[in-house]
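Residues per chain, in single letters:
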Amino acid sequence: MHGLGRAKKPRQPPKADTVPTVIQPLARRVPESSPQPAVNNCAAPKMKTGEKVLRRRHTAGGRIAPDGSRSRRLNLAKVTESTPDCPAALVPKSERTPAHEAPCISVTYDGATMHHKSKKPMKEWKEITHYAGFDWARDHHLVVIVDQQGQIVADFQFEHSVEGWKSFHEKTAPFSHLAVAIETSQGGVVDQLLQGGYAVYPVNPTAAVSYRRRKAPSGTKTDQLDAWSLADALRVDGHGWKALQPMDELSLQLRLLCRDEVALIEQRTQLVNQLEQALVEYYPAALEAFDDWVNPSTWDFVIQFPTPECLVQAGKRKWEKFLHTHRLWRSETAEKRLAIFSRADQFKATAPITKAKSQLAVSLCRLLRTLQQQLDEYQNQIQELFKRHPDHNLFGSLPGAKTILAPRLLAAIGSDPDRYTTVEVLQCFAGSAPISFESGQIRKAKVRWACDKFLRHSVHLWANCFRRASAWGQAYYQKKRKDGMSHACALRCLAQRLLKIVFRMITDKKPYDAELHARNQVKHGSWVLGLVATPTAKTGE
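Residues numbered from 1 in each chain as written. Predicted model: local features only at pLDDT ≥ 70, side-chain atom pairs only at ≥ 80, totals over all residues. Heavy atoms only, no water.

Asks: Help me out: how do you make sense of the overall build of the chain in this one?
Replies: Helix and strand counts for the chain stand at 19 helices and seven strands. Taking the contacts inside the chain whose residues are at least 6 apart along the sequence as the reference set, 70% of them involve residues at least 24 apart. Total accessible area on the chain is roughly 28,400 Å²; 53% of this is exposed by carbon and sulfur atoms. (Helix = DSSP H or I, 4+ residues; strand = E, 2+ residues; numbered from the N terminus. Contact = heavy atoms within 4.5 Å. Areas by Shrake-Rupley, 256 points an atom, 1.4 Å probe, with all protein chains shown as cover.)

Asks: I keep staring at the pairing of strand β2 (residues 140-146) and nothing clicks. Help me out?
Replies: Successive side chains on a regular strand alternate, one facing one side of the sheet and the next facing the other. In terms of burial, β2 is a largely internal element, six of the seven residues being buried. Pairing of strand β1 (residues 130-136) with β2, which is carried by six bridges, proceeds in the antiparallel orientation. Within the sheet, the bridge partner assigned to Tyr131 lies in β2 and is Val146. In the sheet, β2 pairs with strand β3 (residues 152-159) via seven bridges, with the strands oriented antiparallel. Residue pairing in the sheet places Ile145 in a bridge with Ala154 of β3. In textbook terms, the turn of a hairpin is the stretch between consecutive antiparallel strands, and for β2 and β3 this stretch comprises five residues, one of which, Gly150, has a positive phi near 85 degrees. (Buried < 20%, exposed > 50% of the residue type's maximum accessible area, 1.4 Å probe, protein only. Pairing = 2+ DSSP bridges.)

Asks: Looking at this model, I keep getting lost on unusual backbone geometry. Mind explaining?
Replies: Note: most residues except glycine have negative phi, and most peptide bonds are trans. You will see that Lys402, though not glycine, has its phi angle at about 55 degrees, which is positive. Looking at the element boundaries, Lys402 is found in helix α13 (residues 402-413). A residue is classified by how much of its surface remains accessible, and Lys402, at 69% relative accessible area, is exposed. In the Ramachandran plot, Lys509 falls in the positive-phi region, its phi being about 60 degrees despite a non-glycine side chain. Counting through the fold element by element, Lys509 comes out in the loop between α17 (487-508) and α18 (514-523). Residue Lys509 is classed as partly exposed on the basis of its relative accessible area of 40%.

Asks: What's the story with the pattern of salt bridges in this structure? I'm lost.
Replies: Pairing is possible between side chains that carry opposite charge, provided their charged atoms lie close to one another. Applying the stated criterion to the full structure yields 15 salt bridges. Where Arg214 meets Asp237, a salt bridge forms, and the shortest distance between an N and an O atom there is 3.7 Å. Taken together, the residues span a long stretch of sequence, with Arg214 in helix α3 (residues 205-215) and Asp237 in helix α4 (residues 223-237) at a distance of 23 residues. The partner of Lys357 in a salt bridge is Glu281, with the nearest N and O atoms 3.7 Å apart. Taken together, the residues Lys357 in helix α11 (residues 351-388) and Glu281 in helix α5 (residues 249-282) connect sequence positions 76 residues apart. Note on Lys357: relative accessible area 24%, which makes it partly exposed. Because the salt bridges share partners, they merge into one network encompassing Arg212, Lys221 and Asp226. (Salt bridge = Lys/Arg side-chain N within 4 Å of Asp/Glu carboxyl O.)

Asks: Explain the nonpolar core here, please?
Replies: Nonpolar side chains in soluble globular proteins tend to end up buried together. Phe395, Leu398, Ile413, Trp462 and Trp472 are the most contacted members of the largest nonpolar core, which has 50 residues in total. Elements with a contribution of two residues or more to this core: α5, α11, α12 (392-396), α13, α14 (423-430), α15 (453-469), α16 (471-482) and α17. If one sorts the elements of this core by residue count, α17 sits on top with 12 residues. Excluding its chain neighbours within four sequence positions, the residues that come into contact with Trp462 are Leu398, Pro399, Gly400, Ala401, Leu405, Leu409, Leu498 and Val502. Listed in part, the 35 residues of the second largest apolar core include Leu264, Phe305, Ile340 and Phe341. (Core = buried A, V, L, I, M, F, W, Y, C linked by side-chain atoms within 4.5 Å.)

Asks: What is the right way to look at the environment of Pro407 in this model?
Replies: Structurally, the position occupied by Pro407 is in helix α13. Overall, the relative accessible area of 1% leaves Pro407 in the buried class. Each C-alpha atom, one on Pro407 and one on His392, is 7.7 Å from the other, the two residues being 15 residues apart in sequence. Look past the residues within four positions of Pro407 in its chain and what remains in contact with it is Leu254, Cys258, Ile382, Gln383, Phe386 and Lys402.

Asks: Is there a simple way to think about the confidence of the model for the chain in this case?
Replies: Residues shown with low pLDDT carry predicted positions that ought not to be read at fine detail. Residues with a pLDDT of 70 or more make up 76% of the chain, whose mean pLDDT is 79. Across residues 1-11, confidence stays below pLDDT 50; counting only partners more than four residues off in sequence or on other chains, it has 29 contacts. Across residues 14-119 the pLDDT falls below 50, and counting only partners more than four positions away or on other chains, this stretch makes 243 contacts in the model. (pLDDT = per-residue confidence, 0-100.)

Asks: Looking at this model, I keep getting lost on the side chain of Asp147. Mind explaining?
Replies: Along the polypeptide, Asp147 turns up in the loop between β2 and β3. Of the side chains with opposite charge, Arg235 lies nearest to the buried Asp147, which makes no salt bridge, at 6.3 Å. At a separation of 2.8 Å, a polar atom in the side chain of Asp147 contacts the main-chain amide nitrogen of Gln151. For Asp147, the contacting residues outside a window of four places in its chain are Thr129, His130, Tyr131, Val153 and Arg235. (Lys, Arg positive; Asp, Glu negative; His and termini not counted. Polar contact = N/O pair within 3.5 Å; in protein donor to acceptor, adjacent residues only side chain to side chain.)

Asks: How should I be thinking about the packing of α13 against α15 in this particular structure?
Replies: Helix packing geometry: the angle between the two helix axes and the distance between the axes. Relative to each other, α13 and α15 sit at 140 degrees, their axes nearing to 9 Å. Of the two possible hands of crossing, α13 and α15 adopt the one that is left-handed. Of the residues in α15, those in contact with Leu405, Arg408, Leu409, Ala411, Ala412 and Ile413 of α13 are Phe454, Leu455, Ser458, Val459, Leu461, Trp462 and Cys465. Each residue belonging to the contact of α13 with α15 can be placed in one class, and the counts come to 11 nonpolar, one polar and one charged. (Axes fitted to C-alpha atoms, helices over the stretch in contact; angles between N-to-C directions. Left-handed = near helix turned anticlockwise from the far one by under 90°. Nonpolar A, V, L, I, M, F, W, Y, C, P; charged D, E, K, R; others polar.)

Asks: Help me out: how do you make sense of the sheet that holds β2 in this one?
Replies: Across a sheet, paired strands are connected by hydrogen bonds in the backbone, their directions being either parallel or antiparallel. Ordered in space as β3-β2-β1-β4-β5, the five strands form an open sheet in which the pairing is mixed. Each edge of the open sheet carries a strand with a single partner, namely β3 and β5 (199-202). Direction aside, neighbouring strands of the sheet carry axes that sit 20 degrees apart on average. Both β1 and strand β4 (residues 178-182) contribute to a ladder of five bridges, which runs parallel.

Asks: What is the right way to look at the pairing of strand β7 (residues 442-446) in this model?
Replies: In terms of strand pairing, strand β6 (residues 435-439) meets β7 through five bridges, oriented antiparallel. Counted as the bridge partner of Ser439 is Ile442 from β7. With antiparallel pairing between neighbouring strands as the criterion, β6 and β7 make up a hairpin whose turn holds two residues, including Gly440 at a positive phi of roughly 65 degrees.

Asks: Hey, could you run me through the packing of α5 against α13 in this one?
Replies: Close contact between α5 and α13 brings their axes to 8 Å; oriented N to C, the two are set at 120 degrees. The angle between the axes of α5 and α13 places the two elements in the oblique class. Here α5 runs over α13; the crossing is left-handed. On α13, the residues touching Leu254, Arg255, Cys258, Glu261, Val262 and Ile265 of α5 are Pro407, Arg408, Leu410, Ala411 and Ala412. A breakdown of the residues in the contact of α5 with α13 according to their chemical character gives eight nonpolar, no polar and three charged. (Parallel < 35°, antiparallel > 145°, perpendicular 65-115°, else oblique.)

Asks: Is there a simple way to think about α15 in this case?
Replies: Each α-helix winds once per 3.6 residues, and so residues spaced three or four apart point in a common direction. Look at α15: 24 Å from first C-alpha to last across 17 residues, which is about the 24 Å you get at 1.5 Å a residue. Burial of α15 is extensive: 13 of the 17 residues sit out of reach of the surface. One side-chain oxygen of the residue at the start of α15 lies 3.2 Å from the amide nitrogen of Phe454, identifying that residue as Asp452. (Expected span 1.5 Å × (residues − 1).)

Printed below as a string of structure tokens:
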């Protein structure tokens, strides 16, 4: 690390390397028979700080980092290379993923985390006189401060501790009008900066790489270079950025609880997968008898009958008692399950495998029961906060949202229309709006992967539930399926329309009205209304 702790003598910034020439590969031409409409890719930059969504490789100046820039895994780089789009052959995989509240939920956190209101008012851009680049780490941080002429006036490193942050405040005290650029929008570092009253400007990791390459195109990377490039980027391009805005405590707590609940659901999914794999190796009869291993009754079954031998020795009366006790007795499945229980020991593993894997299966079932208790507590707290929220009636009126998705949609979307300048911004933020690529005669539309994954999954689940609760939603979905779209693509198209409704709801502060929406469909001559009316007429005949 160069020049740590020296802030007395200003020095000139290092010289930038020569920019190498990059040859882009030729894009495949789209047939003229299926042109794609142009998509407004400039909608996302209109969002507030911490909400800006960027497409990978698109690194124009002034792009703000989405939440979760830092990986939760250890020993990973802050910036990962963009992955290619999935081939068309993999699209049917979405058919096997149920779009409802189930263990099949996977979320990557990159939505903006809301913070407590700072004690000091946010500074306007015209008041900023110095710009800091903050290269953060787990145990220490490096800061480079430049003035309005781009001269480095401070360059130091400090530990992530009480003494370290005291030294940070002391060294930045001479710069009363200071703005900070950092490569994340959440975490303890950002929280400390907001508590100190600093104007915090998150930078997208992909944009941070471009800013560093603008200073050193040769590929040189150091912590000091990262901090300096962020500080200079804030000085040059920061006038088009927006600082993080704190939000109220109730919305903050609701959002964090919903996100943590999804994280616990992911852990439950991992444990269920491990349990099923263990049963495959020594207890195939249990997998044949039960399909839903997220149901706590199946965990109790493994705990009460840990091996095929124990199940057969228990006898028919205990089998029937278990099914009745756990409310699993169904006339159409009871006899089949009893027959499976009676021959469970005919196809089994050897004794060593059975003893080892049965211990693992029982341990996993007990962990799942404990985890499910915590999930139930989370759900109770979320419901309590949702009832206390002033806008709970808006999202509670959404068809298909019910008690689980309504709080999650409120936490992910929010109820402040100023957070999104237009509905297009909300659609880009949720990932339902495609991205366009145009070059000469080539015109393409692709899936928008760079978005708030928490919001994306919440809207995806709600779209699938909405089509089951709404006649026009189901008709719209079926029309897209008949046009050759996959299940996931049809839900994205439906979500694109639903987000328009939600944006109007939070703008007018009025709950969803199915009759009003039907009248608007008639007024504007919606083609969806014709699809809904046709099956009804046939049924009446």
